[in-house]
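Analysis of the macromolecular model
Next come the chains, spelled out residue by residue.
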Amino acid sequence: MNTLKKLRFETLQIHAGLQPDVESGARGVSITPTAAYRFRSCDHAARLFELSEAGNIYTRLQNPTTSAYEERIAALYGAVGALAVSSGMSAILITVLSLASEGDNIVVSPFLYGGTYNQFRISLRKLGIDCRIAPTERAEDFEPLIDTRTKAIYVESMGNPTCAVPDLEALGLLARKYDLPYIVDNTFGAAGYLCNPFDWGANIVVDSATKWINGHGTAMGGVIVDGGNYNWANGKFPQIDGPSEGYHGLNLHEAFGSSAFIIKCRVDGLRDLGCCPSPFDSYLMMLGLETLTLRVRHEVESTRKLAEYCRNHPKVERVSYVGFEDHPSYTNAQKYYKFGSSAVFTIELKGTLESTVRFVESLHLAANMTMIGDSISVVTHPASTTHKQLSEADLVAAGVTPTLLRISLGLEHVDDLIDDFEQAFAQIK
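Description of the structure in this document. Because the structure is predicted, anything quoted here is derived from the model rather than measured. (Residues numbered from 1 in each chain as written. Predicted model: local features only at pLDDT ≥ 70, side-chain atom pairs only at ≥ 80, totals over all residues. Heavy atoms only, no water.)

**Some details on the sheet that holds strand S6 (residues 204-208)**
Just so we agree on the cut-off: For two strands to be treated as a pair, DSSP must find at least two bridges joining them. Each helix is a run of DSSP H or I of at least 4 residues and each strand a run of E of at least 2, with the numbering of both proceeding from the N terminus. Fitted lines through C-alpha atoms give the axes, limited to the stretch in contact for helices. The angle between two N-to-C directions lies from 0 to 180 degrees. Residue contacts follow a heavy-atom distance rule, with two residues in contact if any of their heavy atoms lie within 4.5 Å.
Ordered in space as S1-S7-S6-S5-S4-S2-S3, the 7 strands form an open sheet in which the pairing is mixed. Each edge of the sheet is formed by a strand with only one pairing partner; in this case those strands are strand S1 (81-85) and strand S3 (130-133). Taking each pair of neighbouring strands and ignoring which way they run, the sheet shows an average axis angle of 20 degrees. Alignment of strand S4 (residues 150-156) against strand S5 (residues 182-185), held across 4 bridges, turns out to be parallel. What sits directly across from Ile153, in S5, is Tyr182. Helix H4 (residues 88-99) rests against S1, strand S2 (105-108), S4, S5, S6 and strand S7 (222-226) of the sheet, and its axis sits at about 155 degrees to S6.

**Considering the nonpolar core**
Quick note on the threshold: Put simply, buried Ala, Val, Leu, Ile, Met, Phe, Trp, Tyr and Cys residues joined by side-chain atoms within 4.5 Å make one nonpolar core. Only protein chains enter the calculation, and the probe is 1.4 Å; a residue is then buried if its accessible area is under 20% of its type maximum, exposed if over 50%, and partly exposed in between.
If you look at the biggest cluster of nonpolar residues, it comprises 60 residues, and the most contacted ones within it are Tyr69, Ile73, Tyr182, Ile213 and Val225. Broken down by element, the residue count for this core peaks at 6 residues, all from helix H3 (residues 64-77). Those residues in contact with Val225, other than ones at most four positions away along the chain, are Ile73, Tyr77, Ala79, Gly81, Ala82, Phe198, Asn203, Ile204, Val205 and Ile262. Listed in part, the 39 residues of the second largest apolar core include Ile92, Ile106, Phe120 and Trp232.

**Topic: a negative patch on the surface**
In plain terms, the rule: A patch consists of residues exposed above 30% relative accessible area that lack any salt bridge, with like charges linked at up to 9 Å and nonpolar side chains (Val, Leu, Ile, Met, Phe, Trp, Tyr) linked at up to 5 Å. Note on areas: these come from Shrake-Rupley sampling with a 1.4 Å probe, and a residue is covered only by the protein chains present in the view. In what follows, salt bridge is the name for a side-chain nitrogen of Lys or Arg lying within 4 Å of a carboxyl oxygen of Asp or Glu. We treat Lys and Arg as the positive residues and Asp and Glu as the negative residues; His and chain ends play no part in the count. By convention, the point assigned to a charge is CZ for Arg, NZ for Lys, CD for Glu and CG for Asp.
A contiguous patch of negative charge, built from Asp415, Asp416, Asp419 and Glu422, is present on the exposed surface. Relative to the assigned elements, Asp419 resides in helix H15 (residues 414-425).

Printed below as a string of structure tokens:
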């Protein structure tokens, strides 16, 4: 509804996509546990399959519960559309495959989540797509890697685990200079609450909904969000502005205008790759979104307090918290992130790999998991988990050392977490 455009984030996270059941009066979104849908007639089915009429065909493509969730995400970002998928990694995969094919390339930031790094350097390479990693996150270091076969610029709004924040606006200007889609993984941006890359020139946002969107560690999911602000009729993307092989020559750009990209991701990406979410998972995501701002504000406040405690502890070598002025990305975080910080920081302990492991295993409240954005605080050892597959040189480039720990704050009282850290520090020499 048009009135949504006038509402603030905190209101949209509750009301967007919510269509109360007229017959029952139910307040909540219904979970529609169905794989398929009855067609009114064969002609109706034909119109659905040729994309001339909107509607439900098969839950691999769309589902009423998931559609409500997608509407809420799009409203929070101020976007033309969103697509829910089964994980953040599948969101990235569908996005890249919708733009690039064998012989093409994308230019990406060096500060990437380990799973993204492996998808780019291994899986996409096997498909003939070159992922060119810039030496730094600065726009001037991206530019020399761009050529006539470049199909996108890709960054994370806050790198994982270093929390490096690139100059999103400068990269957006670079993408515009070369007329390229600008993709931002905004997982740390909390569905646009802490950071909305569309404000700084992004065309496409991907997000691991498993994290702050869900917020409780109860479901896997990812989203692709289309800003509707890229000109697909520039001759670079015939798969979007040209005859579609899968739909009898239908031109997606002519048929769907500014929503052409997100339609492409749905009708080709989900149809062929099948990485759709379950209706129940979509319901959990919608439920999580209702409290997103309350959770994130608490987590950001707790993060600063725990980071300050760690900075003053004698067994901590270094604290990397983007909210501290000594962090290399402090200035960018102040510009691009609400509160100028996030709910994640890293520490490097004094000592060795063995003493670092002993500290992690001595914690009682903070969980040893590969997770962020959960209601439970998490301490992750990247060198043995999320970045385990990287070479020594790549670990150095990504800023991952043997004693580095990534800390994601949950909803506990921060003083209890500090007590937990204190007793764990007592276990190491």
